Amino acid sequence: MTAFEHPALVYEDLDGFLAGMVPFVAGGLERSEPVFQAVGRDEVVALRSRFGEDVPGLRIVDTGSGTPTPPTVCAPSTSS
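Residues numbered from 1 in each chain as written. Predicted model: local features only at pLDDT ≥ 70, side-chain atom pairs only at ≥ 80, totals over all residues. Heavy atoms only, no water.

**Q** Give me the lowdown on the overall build of the chain, citing residues and values where you can.
**A** Summing up its helical and strand segments, the chain has three helices and two strands in all. Sorting the 80 residues of the chain into buried and exposed places 26% on the buried side. Here the contacts in the chain between residues at least 6 apart in sequence split such that 41% fall between residues at least 24 apart. Just so you have it, the chain exposes about 5,900 Å², and 54% of that area is on carbon and sulfur atoms. (Helix = DSSP H or I, 4+ residues; strand = E, 2+ residues; numbered from the N terminus. Buried < 20%, exposed > 50% of the residue type's maximum accessible area, 1.4 Å probe, protein only. Contact = heavy atoms within 4.5 Å. Areas by Shrake-Rupley, 256 points an atom, 1.4 Å probe, with all protein chains shown as cover.)

Following this line, the structure appears as structure tokens:
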């Protein structure tokens, strides 16, 4: 990937969210690209149940839990 992309996904329910988001996240991880998701609690639970809790390159943040400022959440991870 040569540029930052910020696509939007419009969905009506959790199944619609997963139908669009799972391939997006999986594709990014397969290409070793960092993937950041700022979503609601139900979506966080659904994504973590699908991908696991500690996946290198994947960061999922609950927007209802006092999400830090964008520069903080978009900074590269220093953990391995």
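Now that the structure has been shown, we can carry on.
**Q** So what about the packing of helix H1 (residues 14-30) against helix H2 (residues 41-51)? Which residues, and what values?
**A** Contact geometry of H1 with H2 gives a least axis separation of 11 Å together with a crossing angle of 50°. One element, H1, and the other, H2, form an angle in the oblique class. Two packed elements cross with a definite hand, and for H1 against H2 that hand is right-handed. On H2, the residues touching Leu14, Phe17, Leu18, Met21, Val22, Val25, Ala26 and Leu29 of H1 are Asp42, Glu43, Ala46, Leu47, Arg50 and Phe51. When grouped by side-chain class, the residues that make up the contact of H1 with H2 number 11 nonpolar, no polar and three charged. (Axes fitted to C-alpha atoms, helices over the stretch in contact; angles between N-to-C directions. Parallel < 35°, antiparallel > 145°, perpendicular 65-115°, else oblique. Left-handed = near helix turned anticlockwise from the far one by under 90°. Nonpolar A, V, L, I, M, F, W, Y, C, P; charged D, E, K, R; others polar.)

**Q** Describe H2, naming the residues involved and giving the relevant values.
**A** Glu43, Val44, Ala46 and Leu47 are the residues of H2 that are buried. End-on, the buried residues of H2 take up no more than an arc of 165°, which puts them together on one face. When the buried face of H2 is taken as reference, the exposed residues oriented beyond 90 degrees from it are Arg41, Asp42, Val45 and Ser49. Buried positions along H2 lie against H1, strand S1 (35-39) and strand S2 (58-62). (Arc of directions from axis to C-beta.)

**Q** Describe in detail the nonpolar core, supporting the description with residues and values.
**A** As a rule of thumb, soluble globular proteins bury nonpolar side chains together. Counting residues in each nonpolar core, the largest one holds 13 residues, and the members touching the most others are Phe17, Leu18, Val39, Leu47, Leu58 and Ile60. Those elements giving two or more residues to this core turn out to be H1, S1, H2 and S2. Counting residues per element, this core draws most heavily on H1, which supplies five residues. Beyond its immediate stretch of four places on either side in the chain, Val39 contacts Phe17, Val44, Leu47, Ile60, Val61, Asp62 and Thr63. (Core = buried A, V, L, I, M, F, W, Y, C linked by side-chain atoms within 4.5 Å.)

**Q** Pulling in residues and values, what's your account of the pattern of salt bridges?
**A** On inspection of all chains with the given rule, the structure shows two salt bridges. Across the salt bridge formed by Arg31 and Glu33, the nearest N and O atoms sit 3.2 Å from each other. Judged by its relative accessible area of 16%, Glu33 is buried. We note a salt bridge from Arg41 to Asp62, for which the minimum N-O separation is 4.0 Å. Within this pair, whereas Arg41 is found in helix H2, its partner Asp62 is found in strand S2, the two being separated by 21 residues in sequence. Asp62 gets classed as buried once you look at its relative accessible area, which sits at 15%. (Salt bridge = Lys/Arg side-chain N within 4 Å of Asp/Glu carboxyl O.)

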